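Chain by chain, the residues:
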Amino acid sequence: MKPKSRTSARSADKSTIKTGAQIIVDTLIEQGVDTMFGYTGGVVLPLFDRLYDAPIHFINPRHEQGGCHMADAYARASGKVGVMVATSGPGACNLVTGLATAMMDSVPMVALTGQVRTELIGNDAFQEADTTGITRPVTKYNCIVKDIKDLARTIREAFHIASTGRPGPVLIDLPVDVSVAKCSTDGTTEVDLPGYRVRPKGHAKQISMAAQAINKSEQPVLYVGGGVISANASEELRALAEKAHVPVTMTLLGLGSYDQNKPESLDMLGMHGTAYANYAVQECDLLIAVGARFDDRVTGKIDTFAPNAKIIHIDIDPASISKNVRVDIPVVGDAKLILSELVKEVEYHQRKEWFNKIAEWKQKFVLRYDESSSTVKPQYVITELCRQTEGQAIVTTGVGQNQMWAAQFYRFSRPRQLISSGGLGTMGFGLPAAIGAQIAKPKETVIDIDGDHSFNMTLTELATAVEHELPIKVCILNNGYMGMVRQWQELFYGHRYSKTYLKNPEYEAIACAFGAVGITVDKKTDVPKAIKKMLAEKKPCVVDFRVEREENVWPMVPSGKSLDEMDGLDILESMA
Ligand SMILES: Cc1ncc(C[n+]2csc(CCOP(=O)(O)OP(=O)(O)O)c2C)c(N)n1
Ligand SMILES: [Mg+2]
């Protein structure tokens, strides 16, 4: 539904005549955009002409999907809105995966797409696609601007909608005649959307009820998702966990919201989470969910999820309350504001028995791998990466085993440090995400921990990294397989590895051909020095780690099982 909008009265003296393309560029700059990603084409020529000398750092990907992931990761790393522009038809269609990725992970983005002239819409014109129709389910809001008078206001609204409430991608479709039309602008910058109101302040009574429940609880657990990171609420989370003395477990997207080196951290929960997090959730008497959405990879079998717990759910999105799991105390609003109110009302309790029990689980079920093996273990590569970067790098990932091992074996201590496609699980996200993150954070070390087949999907973006002289690092955990799918085939399909082995290229040669640095590692003893060399490189650097081919990710909650029905604990224990 299109939100209704009112703009404040125009002041005639400030008016100037501009083309639509100029209005777009000026409004982007007014919204604070200094960096954007995009790919050109026929109907966006007027806009690209205005971008020619605009004070905006422009990054051209080699494929629009890559550009969309770059804008997404730029947003995740910086906290700003990511901006992507593409042409009509094929350009717009190539954004779909990137928009769906951002939508599932609640990332603020504005995508601008060119469209054929308004009078041609519906005529099957050259490069016409029904972009708003195609992208409606993968955007928080989208619209087409058919009248230049609505242009500036619509762009402002897009930024407002993308970045407030539960953030998400917004797409604006721009017919080329609107870009070349002229109109006077009035200097108005306010956004007023009566149909779209965000209520950041939580209900005081609900907050008090939550505080009382925490004070009464003997076995509480904080279950924290990416919402805490997007709300910039990590400080408030730390204050609550420490003051009330509550252990914290995080989702994949929540990693970094709480320092994993702190004693209250239970690390990640869920399908490939730690046994101590999963047991704690199953045995807790109070589950405090913050900015998390009870995804099936987290809950396992819903009917038996946290069976003894009263549930508090703090979330900005009222639609996610009691959506998957019934909640006892909902608190709708901004996590930062609500947590800071909650901190005032909670008391410190020692909860000795609970913390003792957790300490036992933590000791017994440490995440392990076979350190005595002579082959290159993927977990060893990540452990060594974490050691040499002192746990301070920004890590992006592919999807599959590489992603789960990155989540398990790198230790995240601050928000916006792990950038991964959680909800959609988009293979090919890692490399463009590393580029977007490096552009947002030029001084930081950015490492893409990738899978061979994930990397294959968007490796053309190495050209973008080389062109912009970005010192990104790509660590391919090259097991030759679509490892995560192979793992499921091994465990649930009798070792029938149907179509999960494909021949890979020589990544070192590929990197060199693009003008990046390539390194191949097939000996365990070469891992530390290869990582050292990679970290010292100024050019983009790709390291092809030939890892153990049939290593599995443990523990694992098989699909449809309860969180405490984990496979592989015996295997982990046998490595102690
Ligand atoms: C675009 C896309 N296609 C298919 C899948 C399904 N899928 C999930 S993991 C995976 C295998 C990933 O292989 P690789 O990147 O080599 O990672 P590994 O598991 O071996 O670490 C596949 C095919 C997906 N997540 N995304
Ligand atoms: Mg693989």
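Looking now at helix α21 (residues 483-492). Listing the buried residues of α21 in full gives G483, M484, R486, Q487, Q489 and E490. In the core, the buried residues of α21 are packed alongside α17 (401-409). A positive phi of about 55 degrees marks G494, the residue just after α21.

Counting buried residues along strand β9 (residues 220-224), five of its five residues qualify, which places the element largely inside the surrounding structure. With five bridges connecting them, β9 and strand β12 (residues 286-290) associate as parallel partners. Bridge pairing links L222 to I288 in β12. As paired elements, β9 and strand β10 (residues 248-250) share three bridges and run parallel to each other. Bridge pairing in β10 links V224 to M250.

Turning our attention to the site of ligand 1. Near ligand 1, the surroundings consist of 17 residues, among which G425, D452, S454, G483 and M484 are the closest. One of the backbone nitrogen or oxygen atoms of M427 is found 3.3 Å away from a nitrogen atom of ligand 1. Between ligand 1 and the protein, one listed contact pairs an oxygen atom with a backbone N or O atom of Y481 at 3.0 Å. Taken by itself ligand 1 offers 590 Å² of open surface, and the protein chains cover 76% of this. Put simply, the parts of the chain that give the shell around ligand 1 at least two residues each are α17, α19 (452-458) and α21. At four residues, the largest contribution of residues to the shell around ligand 1 is made by α19. Among the residues making up the shell around ligand 1, the classes are represented as seven nonpolar, nine polar and one charged.

The next point concerns the coordination of the magnesium ion (ligand 2). Donor atoms from the polypeptide that coordinate the magnesium ion (ligand 2) comprise D452 (OD), N479 (OD1) and Y481 (O), at 2.0 to 2.1 Å from the metal. All donors of the magnesium ion (ligand 2) come from a single chain, and their spacing in sequence reads D-x26-N-x1-Y. One end of the pair, D452, is in helix α19; the other, N479, is in the loop between β18 (473-478) and α21, with 27 residues separating them in the sequence. The burial state of D452 is the same as that of N479; both residues are buried.

On to the side chain of Q115, then. Mapped onto the elements, Q115 comes out in strand β5 (residues 109-115). Here Q115 falls in the buried class, since its relative accessible area comes to 3%. Within polar-contact distance, the side chain of Q115 engages the backbone oxygen of A129 at 3.0 Å. Not counting residues within four places of it along the chain, the set of residues in contact with Q115 comprises V43, S88, I121, E128, A129, T131, I144, D173, L174, P175 and V176.

On to the packing of helix α1 (residues 20-30) against helix α7 (residues 151-163). Interaxial distance between α1 and α7 falls to 9 Å at its minimum, and their mutual angle equals 35 degrees. Pair α1 / α7 crosses with right-handed handedness. Contacts between α1 and α7 involve G20, I23, I24, T27, L28 and E30 from the first element and L151, A152, I155, R156 and F159 from the second. Tallied by class, the residues present in the contact of α1 with α7 amount to seven nonpolar, two polar and two charged.

The subject of this paragraph is the domain arrangement of the chain. Along its sequence, the chain is organised into domain 1 (14-184), domain 2 (204-364) and domain 3 (378-552). Each partner contributes to the interface: domain 1 provides 26 residues, whereas domain 3 provides 26 residues. Both sides of the domain 1 and domain 3 interface together cover about 1900 Å² of buried area, and 68% of this is carbon and sulfur. Three residues stand out in domain 1 for area buried against domain 3, namely R62, R76 and A77, and they jointly supply 31% of the buried area on that side. Where domain 1 packs against domain 3, one counts one salt bridge. Among the ionic pairs, E467 bridges to R62, the shortest N-O distance being 2.7 Å. Run the count over domain 1 and domain 3 and you get eight residue pairs in polar contact (both at pLDDT 80 or more). Going through the elements one at a time, β2 (35-38), β3 (57-59), α3 (64-78) and α5 (96-104) are the ones with two or more residues in the side of domain 1 that touches domain 3. Here the side of domain 1 that touches domain 3 gets eleven residues from one element, more than from any other, and that element is α3. Per-class residue counts for the side of domain 1 that touches domain 3 are eleven nonpolar, eleven polar and four charged.

Conventions and cut-offs
- Along each chain, numbering runs from 1 in the same order as the chain's sequence is written.
- Here chains are named by letter from A upward and ligands by number from 1 upward, in the order in which they appear as written.
- Per-residue local features are limited, in this predicted model, to residues with pLDDT of at least 70; the limit for side-chain atom pairs, both in listing and counting, is 80 or more; totals at the level of whole chains, interfaces and linings are taken over all residues.
- As a convention, hydrogens and water are excluded, and side-chain values are obtained from all of the structure's heavy atoms.
- Relative accessibility decides the category of a residue: with a 1.4 Å probe and only protein chains considered, values under 20% of the type maximum give buried, values over 50% give exposed, and everything between is partly exposed.
- Numbering of helices and strands runs from the N terminus, with a helix taken as a DSSP run of H or I at least four residues long and a strand as a DSSP run of E at least two residues long.
- Throughout, a residue-residue contact means that at least one pair of heavy atoms, one from each residue, lies within 4.5 Å.
- For two strands to pair, DSSP has to find at least two bridges joining them.
- Throughout, the term near means that a residue has one or more heavy atoms lying within 4 Å of the molecule or strand in question.
- Polar contacts, as used here, are pairs of N or O atoms within 3.5 Å; protein pairs need one atom able to donate a hydrogen and one able to accept it. Residues neighboring in sequence count only if both atoms are side-chain atoms.
- Residue exposure ignores everything except the shown protein chains as possible cover, and the areas themselves are Shrake-Rupley values with a 1.4 Å probe.
- Under the scheme applied here, ten amino acids are nonpolar (Ala, Val, Leu, Ile, Met, Phe, Trp, Tyr, Cys and Pro), four are charged (Asp, Glu, Lys and Arg), and all others, including Gly, are polar.
- Here the term donor refers to an N, O or S atom within 2.8 Å of the metal (or 3.2 Å for Na, K and Ca), and because water is left out of the atoms, sites may appear incomplete.
- Comment: axis = line fitted to C-alpha atoms, over the contacting stretch for helices; angle = value between 0 and 180 degrees taken between N-to-C directions.
- We call a crossing left-handed when the near helix sits turned anticlockwise from the far one by less than a right angle, and right-handed when that turn is clockwise.
- Domain extents, as shown, originate in an automatic or database domain assignment.
- As used here, buried area is the combined drop in accessible area, with a 1.4 Å probe, of two parts when they are placed together.
- Any Lys or Arg side-chain nitrogen located within 4 Å of an Asp or Glu carboxyl oxygen qualifies as a salt bridge.

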